[in-house]
Amino acid sequence: MSKFTRRQLLIFFGSSAGAAVLAPTLGNKLFGTDTSVAEAAQPLKLTPLRLPHPLPIYQEQPSYLPTGINQGQTLNPTTDTRLTSYTVLDDVVVPPEYERYVIVSWGDRVFPNPEDYFGYNNDYTAFIPTNRSLSDGYLWVNHEYISFPFSGLAPEAPADVQGTPSSYPLVVGQDLPNTKNLQLFGEFLYNIGGSVVRISRQSRSDRFSVVKGDANNRRLHGLSGLGINSQRSDTYKGITAWGTQSYQQGDQNYLLGTGPAATQVFNLSTDGLGTKIIGTGFNCSGGTTPWGTVLSAEENFQGAAAFFVGVTEAVQPNGTQASYTPGTTGEAFGLVGEKYGWMVEVDPANSDFRPRKHTALGRFRHENIAMRVEAGKQLVGYMGDDRRGGHTYKFVSSGRVTSPNDKNNSRLFEDGTLYVARYNANGTGEWIPLLLNAPTNPISPSVLASVEIAALGTATRNGRLPLPKRVGIAGQTSSGGSLNIETTNEATFLPDYRNKKLSDFYTSQGAVLVDAFLAANLIGATPTARPEDIEVHPRTKEVFIAYTDGAPGGDGYPDSRIFVVSKYSPDVRDDQPSGELFKIVETSADGTGTSFRWERLAKGGEAGTENGDGFANVDNLAFDSQGNVWGVTDMSTAAHNGFDVGAAANPLLIEHSVVGATAPSQTDSNKNVQTSNLIGVFGNNWLFFIPMSGPDAGTVVPFAYGPFRCEMTGPTFVGDTLILSVQHPGEDCPFSPQVPLSRDIEMLNLDGTLFTQRRSLLRGSNWPSNIQGNSEGPPKPAVIGIRRKQSNGRFV
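Keep in mind the model is a prediction, meaning the values are calculated, not measured. (Residues numbered from 1 in each chain as written. Predicted model: local features only at pLDDT ≥ 70, side-chain atom pairs only at ≥ 80, totals over all residues. Heavy atoms only, no water.)

S.K.: Got a minute to help me understand the sheet that holds strand β38 (residues 782-788) in this structure?
M.R.: The pairing of strands in a sheet comes from backbone hydrogen bonds and takes either a parallel or an antiparallel form. What the four strands build is an open sheet, ordered β5-β38-β35-β34; its pairing is antiparallel. Unpaired on one side and paired on the other, β5 (98-105) and β34 (711-718) mark the two borders of the sheet. Pairwise comparison of adjacent strand axes, ignoring direction, gives a mean angle of 25 degrees for this sheet. As paired strands, strand β35 (residues 721-727) and β38 are joined by six bridges and run antiparallel to one another. Looking at the pairing, T721 lines up with R787 of β38. (Pairing = 2+ DSSP bridges. Helix = DSSP H or I, 4+ residues; strand = E, 2+ residues; numbered from the N terminus. Axes fitted to C-alpha atoms, helices over the stretch in contact; angles between N-to-C directions.)

What follows is the structure, encoded as structure tokens:
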């Protein structure tokens, strides 16, 4: 059930859980950038949003059922929370006490150069204030990736959407090539990276809006600094532009690399540019420092046949890429893979600050960073590798913090030790240093998969554990990239990887950091369930981690002794592999030690399951000024509301008796059911919070849901306003002509019994065009503000 006891809260959050006042933030995104002392928590003063699925709060509180754009009705509490029909809306729907509005959206021309425009698929947001009242400041926004309907040639666009309208010409006002060429690739890379825009409001009663043309408004994108290709001596010397417009000409806004990989690997890179780097891309979440800079996380940088907007991930023993991946944007522009997949530091308020990639923090599919920055102590940063089987990392600086607000603290990211977590099933854990002399002792796939094997007799993807491929190891005849060790071959291959050192696989510490994921597997770190967000409690310093999805995949297998990786029985109430919320408590007071304890607070899955707390795939976390925990969900676009993507929008089989990853359907033995399809019961991605004190403490409170096929990301609290990104509305679905969809969905009631709900919705999204007077206009990723209609100076 989704209400925690007072004892659970006190245990999980420490003594601060019941405290009326929390210490101020250190300036990072936990409490936004409001550094005033947190206010005392109050009873719930809003009407929770009524979602399609049952939640315990609907038995206790009135709820708001949306019935149309800006329309809805209040439902009384009831012991029977089933809804036999539900219509989902194409909007950001919030409680009736609140309003939502668009601050800036894709394609907006708000920069000094009128040809520049705001990028696509916004994610992490950070607000750097210019005054104490928080009425004015610089907003940093990540732009993560490109997807349909941006273009029919976007990566992984469904085949049946070809020929349907694309949004790029309607929003940007120009056409894209209809073939994969340099101009198309360039425009794709321009639309990722990040944007800086100044936003302000005159008074508390006003909304935030962009200060257009501010001198610091600027883009930092996937091809920033492309002009330095002219300094090369290889065939890429002439690749310095991707079109004829001013913003498509290569500039000198390159980035710099710092740390071990910059000095030990980048000097070997085939681009010959040394520590200079062209662009940043694939920017997911991040973190904000107390001294006013932003760390932006490069996540899915890896290029592949289907996802060609990327670079080479596989590297050689010296840390340089194995070769350009054919057909990718990396190959097209000469972007060497070892220079992507890092944490990027930017100063939004200072356009003279040259962004830098800090290689001491490791290269992997970075999701975010959370920091401990205390005067006189070493800086500590926590990070997650968002892939199936990815790891949880900690960086400890060699130097110490002087004043938390000192800009010179940026240098602390240049030198330190990167650790990776090993979880033990008894609730303890250790941080293993990722050093060149570290001994190798990978966990065997049969041990990783032991719980699933005990329950089902088999393991999804055979408990896959990738390890670096090297000549002479496990019979390999070439070096570079990875070799999958699985239950089927571990007896033959795994002994060759044990009882060695990382120096037997890598030529330098910089090379280890470039290949951090495989190196972490080598030294026995715990493969985890996609760590998508990590936050540090500003008072207790405890580390909160959103593990968003326990299912194994092509990259690896989460340790089943720690995480629920599949559904282990046909019992409809059995746990679902829908993510989990963890806490790490450091043994050392300053967080620099090598041991910790871990606990689980919440479990993804329907509230009617044995341990489910009524949500799936929790992603970004944040704390508001009262210490309440906020979370957004990251359910896969391809299963929202039980419909596949594409023009056909085929219904997906949803059966709660599914076992493992797939199981024969109970209604049609010729078909299999995907466990992941169970997320279809939850509808669109949504936003919730858990009050930490008051009469509603411990209750999962649904606050908002987003437009069709979107993900809501990057929550940042600024005074009485929540700034939130709405990413990829209508992803991989046609937006015109609009098509209504309807189907029956098998749902789980709070008492564990099944019922059927009739779900109605539209195939794709037209948001926010539809709330701006164009009912079938193109969908646009956007950044919004949410606040009370009658503001009292705080958000809740």
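Don't stop here, the text continues.
S.K.: Can you walk me through the nonpolar core in this structure?
M.R.: Side chains of a nonpolar character, in soluble globular proteins, are inclined to be buried together. Residues F333, M383, Y393, L434, Y497, L502 and Y506 are the most contacted members of the largest nonpolar core, which totals 107 residues. It is helix α11 (residues 516-522) that provides the largest number of residues to this core, a total of six residues. By size, the runner-up hydrophobic cluster in this structure holds 76 residues, among which are V88, L89, V92 and F615. (Core = buried A, V, L, I, M, F, W, Y, C linked by side-chain atoms within 4.5 Å. Buried < 20%, exposed > 50% of the residue type's maximum accessible area, 1.4 Å probe, protein only.)

S.K.: How should I be thinking about unusual backbone geometry in this particular structure?
M.R.: If a residue is not glycine, its phi is most likely negative; likewise, a peptide bond is most likely trans. Going from F148 to P149, the amide bond is cis rather than trans, its omega being 20 degrees. Tracing the backbone shows P149 in the loop between β7 (136-143) and α3 (168-172). In this structure, the amide linkage connecting W767 to the following residue, P768, adopts the cis form with an omega of 0 degrees. Of note in this structure, N641 is not a glycine but carries a positive phi near 60 degrees. Relative to the assigned elements, N641 resides in the loop between β29 (629-633) and β30 (662-664). The phi angle at R709 is positive, at roughly 60 degrees, despite the residue not being glycine. Within the secondary structure, R709 sits in the loop between β33 (701-705) and β34.

S.K.: When you look at the packing of aromatic side chains in this model, what are you seeing that I'm missing?
M.R.: Pairs of aromatic rings are described using the distance from one ring centre to the other and the angle between the two planes. Here the structure, examined in full by the defined rule, presents 40 aromatic pairs. When the ring of Y382 is compared with that of W431, the centres are 6.1 Å apart and the planes differ by 50 degrees; the resulting orientation is tilted. Of this pair, Y382 sits in strand β18 (residues 378-385) while W431 sits in strand β21 (residues 428-433), and the two are 49 residues apart along the sequence. Taking the relative accessible area as the measure of exposure, Y382 reaches 0% and is therefore buried. Classification of W431 by relative accessible area gives buried; the value is 2%. Centre to centre, the rings of F544 and F623 are 5.3 Å apart; their planes meet at 65 degrees, and the pair counts as edge-to-face. Here the residue F544 occupies a position in strand β25 (residues 543-547), and F623 occupies one in strand β28 (residues 618-623), the gap between them amounting to 79 residues. With respect to class, F544 is no different from F623; both count as buried. An aromatic cluster of at least three residues, connected via ring pairs, comprises Y382, Y423, W431, Y547, F563, F582, F596 and W598. The ring of Y58 is capped by R50, whose NZ or CZ atom sits 4.3 Å from the centre of that ring. (Phe/Tyr/Trp six-rings, centres within 6.5 Å; stacked < 30°, edge-to-face > 60°. Lys NZ or Arg CZ within 6 Å of the ring centre and 35° of its normal.)

S.K.: Can you walk me through the pairing of β34 in this structure?
M.R.: Along a regular strand, successive side chains alternate from one face of the sheet to the other. Burial within β34 is extensive, with eight of its eight residues counted as buried. In this structure, β34 lies alongside β35, joined through six bridges in antiparallel fashion. Across the sheet, the residue bridging to E711 is Q727, located in β35. Linking β34 back to β35 in an antiparallel pair, the connection comprises two residues, with G719 at a positive phi of about 60 degrees.

S.K.: What is the right way to look at the environment of D590 in this model?
M.R.: If you trace the backbone, D590 turns up in the loop between β26 (580-586) and β27 (595-603). Through-space distance from the C-alpha of D590 to that of G730 is 45 Å; in sequence the pair is 140 residues apart. Excluding residues within four positions of it along the chain, D590 makes contact with R372, K377 and V380. Here the side chain of D590 touches T592 through a polar contact of 2.7 Å, side chain to side chain. (Contact = heavy atoms within 4.5 Å. Polar contact = N/O pair within 3.5 Å; in protein donor to acceptor, adjacent residues only side chain to side chain.)

S.K.: How should I be thinking about the side chain of D575 in this particular structure?
M.R.: Within the secondary structure layout, D575 lies in the loop between β25 and β26. Among buried Asp, Glu, Lys and Arg side chains, D575 stands out as unpaired, with K603 the closest opposite charge at 5.6 Å. Here N611 takes part through its side chain, which lies 3.0 Å from a polar atom of the side chain of D575. Aside from chain neighbours lying at most four places away, what touches D575 is V564, S566, K567, K603, E610, N611 and G612. (Lys, Arg positive; Asp, Glu negative; His and termini not counted. Salt bridge = Lys/Arg side-chain N within 4 Å of Asp/Glu carboxyl O.)

S.K.: So what exactly am I meant to see when it comes to the sheet that holds β21 here?
M.R.: Taken in spatial order, the nine strands make up an open sheet running β17-β18-β19-β20-β21-β27-β26-β25-β24, and their pairing is antiparallel. At either margin of the open sheet sits one strand with a lone partner, and together these are β17 (366-372) and β24 (531-536). Adjacent strand axes in the sheet meet at a mean angle of 30 degrees, parallel and antiparallel pairs treated alike. As paired strands, β21 and β27 are joined by three bridges and run antiparallel to one another. Within β27, the residue paired with E430 across the bridge is S595.

S.K.: What's the story with helix α4 (residues 182-190) in this structure? I'm lost.
M.R.: Burial within α4 is extensive, with seven of its nine residues counted as buried. Burial in α4 covers these residues: L184, F185, G186, E187, F188, L189 and Y190. Looking at the buried side of α4, the elements it contacts are α3, β10 (218-221) and α6 (329-333). Put simply, N181 is the residue that caps the front of α4, since its side-chain oxygen is 3.2 Å from the backbone nitrogen of Q183.

S.K.: Quick question: what am I supposed to make of the state of the cysteines here?
M.R.: Working definition: the covalent bond between the sulfur atoms of two cysteines is a disulfide. Per the stated rule, a full pass over the model turns up zero disulfides. Looking at C284, it has no disulfide partner, and the nearest cysteine sulfur is the one in C710, 14 Å off. We note that C710 lacks a disulfide partner, and the nearest cysteine sulfur, in C733, lies 12 Å from it. (Disulfide = S-S within 2.5 Å.)

S.K.: I tried to follow the side chain of H358 on my own but got confused; where do I start?
M.R.: Mapped onto the fold, H358 is located in strand β16 (residues 356-358). A distance of 2.9 Å separates the side chain of H358 from the side chain of T258, its partner in a polar contact. Within the structure, the side chain of H358 is placed 2.8 Å from the side chain of E345, a separation counted as a polar contact.

Structural measurements only, silent on function.
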